[in-house]
Amino acid sequence: MSGRTEGGAVERLPWGLALAATILALHPTAALAHASDRGHVLLLPTGYYIAGGALAVAVSFLALALLPPAALDRFWRKRLSLFAFGDGLRAIVSLFSFAGFALLIAAGLFGSRDPLSNPLPLVVWTLLWAGFTLLHGIFGDLWSWLNPWYGPWRVVSRLAGKRGSETWPASLPPWLGFWPAFVLFFAFAWFELIDPAPDDPARLAAAAGLYWLISFLAMLLFGYGDWSRRGEFLSVFFSMVACFALFERSEGRLRLCWPGAKLLSAEPLPPSGTAFLLLALSSVSFDGLSKTFFWLGLFGINPLGFPGRTALIGIGSLGLVLSFVLLAAVFALAIFLGLRLAGDEHSFRETAGLLVWSIVPIALAYHIAHYLTVLLVDGQYALVALSDPFALGWNLFGTADWMVEAGVVAGAESAWWLWNLQAGVIIAGHVLAVLVAHGLAWRLHPQPSRAALSQFPLTLLMIAYTIFGLWLLATPTAG
């Protein structure tokens, strides 16, 4: 899985690379990280897909600009109450998760050296980072129950006689905001995208174990709530993605809502939170870009003679930083121009911190599109490896003897439906992003005309997302 990138169909359009270069200069969009090799090259009329996707986003903006705000507000507020449940079992679930995590670390250290036979890389990169993010976009914040810190923290806090975060030795300074999570997420992205062997079981076990220990010590120092909200990057990331989910929990009751409805009631993020969300998007966009013929050609590297990740550490590190800087700059420019067009007196900080939530549907859409093949193929490897974590001939779950069917993503027919599904998901994600952005804009600008004007630059950015994202799925990659 190390350094592998997933994609879809390919059409070498004469204007494709030039167009991509222009869009990249404007904004590196969100593709998602760490997927499997492309198994096919299929000639499809991707130019029509790109034009149609951009048109769909533009038409969505125009249609929403004509809708009365009250009608859209009623649409977003609809809820279906389901059932109530409490947090009584949360610590127990987390303790089981911690036990599973410890077993995976042991498997990484003492199990098979093959990343496709050892469960640790498959669970981390496929089930957790690829699949679990998708589940958060559907069901909500599952990580708050399943993370491996909450249960052990509760046990230690009870033994120490501590009942709340206010009793812990220190508090996380408010001025730090989300910067601790930002730094840790950047380190995670560098390890995943730039490190020569992120899926080596022993190397990954050492990194994951060290991260668990650092986070646990921080929770003991600052309290679980404070560190998980602003320091533990997985908790921060999953909670942001969960704002798109179809389910929400309010006053102990689970309710069904429209996808993205919770984003409209989100509070504006501080600059550190805005930077964190933009880093999440820019890092995964760079993963999709980093092995394209276009990117490698910029540095004179022959994509047909891919030199491997070790030779590209400097280039990769530069690209990871540059992708964030470009994304932050272009997003800031879109917000600034929107404020000028609307002629409103809202602060740049408040506007950017609120409207950045509209990018969450785009991130989730690219996650689904980019990780589709890795979930279909490497997900099977994960089920096999989990039955025999130490390569000792066990069959704990009856899946150790399963034959992995890689043909599910091979062949012309599979390539056709994979590409169409990926393209459809990306376009739908951008349309939903426009919908959410309009709802957030009406919070800032009660006058519909001002709200529409304020969204015009951001909509152009989303159209660029669509074009670049579909091109990214279709362009050839190396490695």
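Residues numbered from 1 in each chain as written. Predicted model: local features only at pLDDT ≥ 70, side-chain atom pairs only at ≥ 80, totals over all residues. Heavy atoms only, no water.

J.: Help me understand the overall build of the protein, please; the structure alone is not making it clear to me.
T.: Per the secondary structure count, the protein includes 18 helices and three strands. Taking all contacts inside the protein whose residues are at least 6 apart in sequence as the whole, residues at least 24 apart take part in 83%. Taken as a whole, the protein presents about 19800 Å² of accessible surface, with 70% of it coming from carbon and sulfur. (Helix = DSSP H or I, 4+ residues; strand = E, 2+ residues; numbered from the N terminus. Contact = heavy atoms within 4.5 Å. Areas by Shrake-Rupley, 256 points an atom, 1.4 Å probe, with all protein chains shown as cover.)

J.: Even after reading the chapter, I still don't get the packing of aromatic side chains, so can you show me in this structure?
T.: Each aromatic ring pair is characterised by the separation of its centres together with the angle its planes make. Counted under the stated rule, the structure contains 29 aromatic pairs. Seen from their ring centres, Trp143 and Trp149 are 6.2 Å apart, and the 75° between their planes marks the pair as edge-to-face. For Trp143, a relative accessible area of 7% corresponds to the buried category. Ring geometry for Phe286 against Trp295: centres 5.3 Å apart, planes inclined by 85°, an arrangement best described as edge-to-face. When the ring centre of Tyr150 is taken as reference, the NZ or CZ atom of Arg90 above it lies at 4.0 Å. (Phe/Tyr/Trp six-rings, centres within 6.5 Å; stacked < 30°, edge-to-face > 60°. Buried < 20%, exposed > 50% of the residue type's maximum accessible area, 1.4 Å probe, protein only. Lys NZ or Arg CZ within 6 Å of the ring centre and 35° of its normal.)

J.: Which parts of the structure should I look at to understand the pairing of strand 2 (residues 247–250)?
T.: In the sheet, strand 2 pairs with strand 3 (residues 253–257) via four bridges, with the strands oriented antiparallel. Counted as the bridge partner of Phe247 is Leu256 from strand 3. With antiparallel pairing between neighbouring strands as the criterion, strand 2 and strand 3 make up a hairpin whose turn holds two residues, including Glu251 at a positive phi of roughly 55°. (Pairing = 2+ DSSP bridges.)

J.: Would you explain unusual backbone geometry in this entry?
T.: Peptide bonds are, in most cases, trans, and in most cases residues other than glycine have a negative phi. Its identity is not glycine, yet Ala391 carries a phi of approximately 55°, on the positive side. Within the secondary structure, Ala391 sits in the loop between helix 16 (360–387) and helix 17 (412–444). By relative accessible area, which is 47% here, Ala391 ends up partly exposed.

J.: Please explain the nonpolar core as it appears in this structure.
T.: Across soluble globular proteins, nonpolar side chains show a tendency to be buried alongside one another. Ranked by size, the top nonpolar core spans 122 residues in total, and within it Phe185, Phe233, Trp357 and Met462 carry the most contacts. Every residue in contact with Phe233, bar those within four places of it in the chain, is listed here: Ala181, Leu184, Phe185, Phe188, Tyr211 and Phe276. (Core = buried A, V, L, I, M, F, W, Y, C linked by side-chain atoms within 4.5 Å.)

J.: Got a minute to help me understand the sheet that holds strand 1 (residues 79–84) in this structure?
T.: Adjacent strands of a sheet form backbone hydrogen bonds with each other and so pair up, either parallel or antiparallel. Across the sheet, three strands lie side by side as 1-3-2; this open sheet has antiparallel pairing. This sheet does not close on itself; its edge strands, each paired only once, are strand 1 and strand 2. Neighbour to neighbour, the strand axes of the sheet diverge by 30° on average, direction disregarded. For strand 1 and strand 3, the ladder comprises five bridges, and the chain directions are antiparallel. Among the inter-strand pairings, Leu80 is bridged to a residue of strand 3, identified as Leu256. (Axes fitted to C-alpha atoms, helices over the stretch in contact; angles between N-to-C directions.)

J.: Sorry if this is basic, but what is going on with the pattern of salt bridges here?
T.: When the charged atoms of two side chains lie near each other, side chains of opposite charge can form a pair. For the structure on display, the rule yields four salt bridges. Between Asp226 and Arg230 there is a salt bridge; the shortest N-O distance is 3.3 Å. Pair noted here: Asp226 and Arg230 are both in helix 10 (residues 224–230), with a separation of four residues, about one helical turn. We classify Asp226 as buried; its relative accessible area is 15%. A relative accessible area of 14% places Arg230 in the buried class. (Salt bridge = Lys/Arg side-chain N within 4 Å of Asp/Glu carboxyl O.)

J.: What exactly am I supposed to notice about helix 5 (residues 119–139) here?
T.: Over its 21 residues, helix 5 runs only 25 Å from end to end, short of the ideal 30 Å by more than 12%, given 1.5 Å per residue. Taken as a whole, helix 5 carries its principal kink of about 40° at Phe132. Among the 21 residues of helix 5, 16 are classified as buried, and the element is accordingly described as predominantly covered. With a side-chain oxygen lying 3.0 Å from the backbone nitrogen of Leu120, the N-terminal cap of helix 5 falls on Asn118. Immediately beyond the C-terminal end of helix 5, within one or two residues, lies Gly140, with a positive phi of roughly 105°. (Expected span 1.5 Å × (residues − 1). Bend = angle between axes of the 7 residues up to and from the residue. Polar contact = N/O pair within 3.5 Å; in protein donor to acceptor, adjacent residues only side chain to side chain.)

J.: Whenever I open this one, a nonpolar patch on the surface confuses me. Can you help?
T.: On the surface, a nonpolar cluster with roughly 470 Å² of combined accessible area is contributed by Leu80, Leu82, Phe83, Phe85, Leu246 and Leu256. Among the elements that line the nonpolar patch, the one with the most residues is strand 1, at three residues. Locating Leu82 in the fold gives a position in strand 1. (Patch = residues over 30% accessible without salt bridge, like charges linked within 9 Å, V, L, I, M, F, W, Y side chains within 5 Å.)

J.: How should the environment of Leu289 be read in this particular structure?
T.: Its place among the elements puts Leu289 in helix 12 (residues 271–289). Between the alpha carbons of Leu289 and Thr477 there is a distance of 8.5 Å; along the sequence they are 188 residues apart.

J.: What is the right way to read the environment of Ser347 from this model?
T.: Here Ser347 shows up in the loop between helix 14 (313–342) and helix 15 (348–355). Each C-alpha atom, one on Ser347 and one on Phe336, is 9.7 Å from the other, the two residues being eleven residues apart in sequence.

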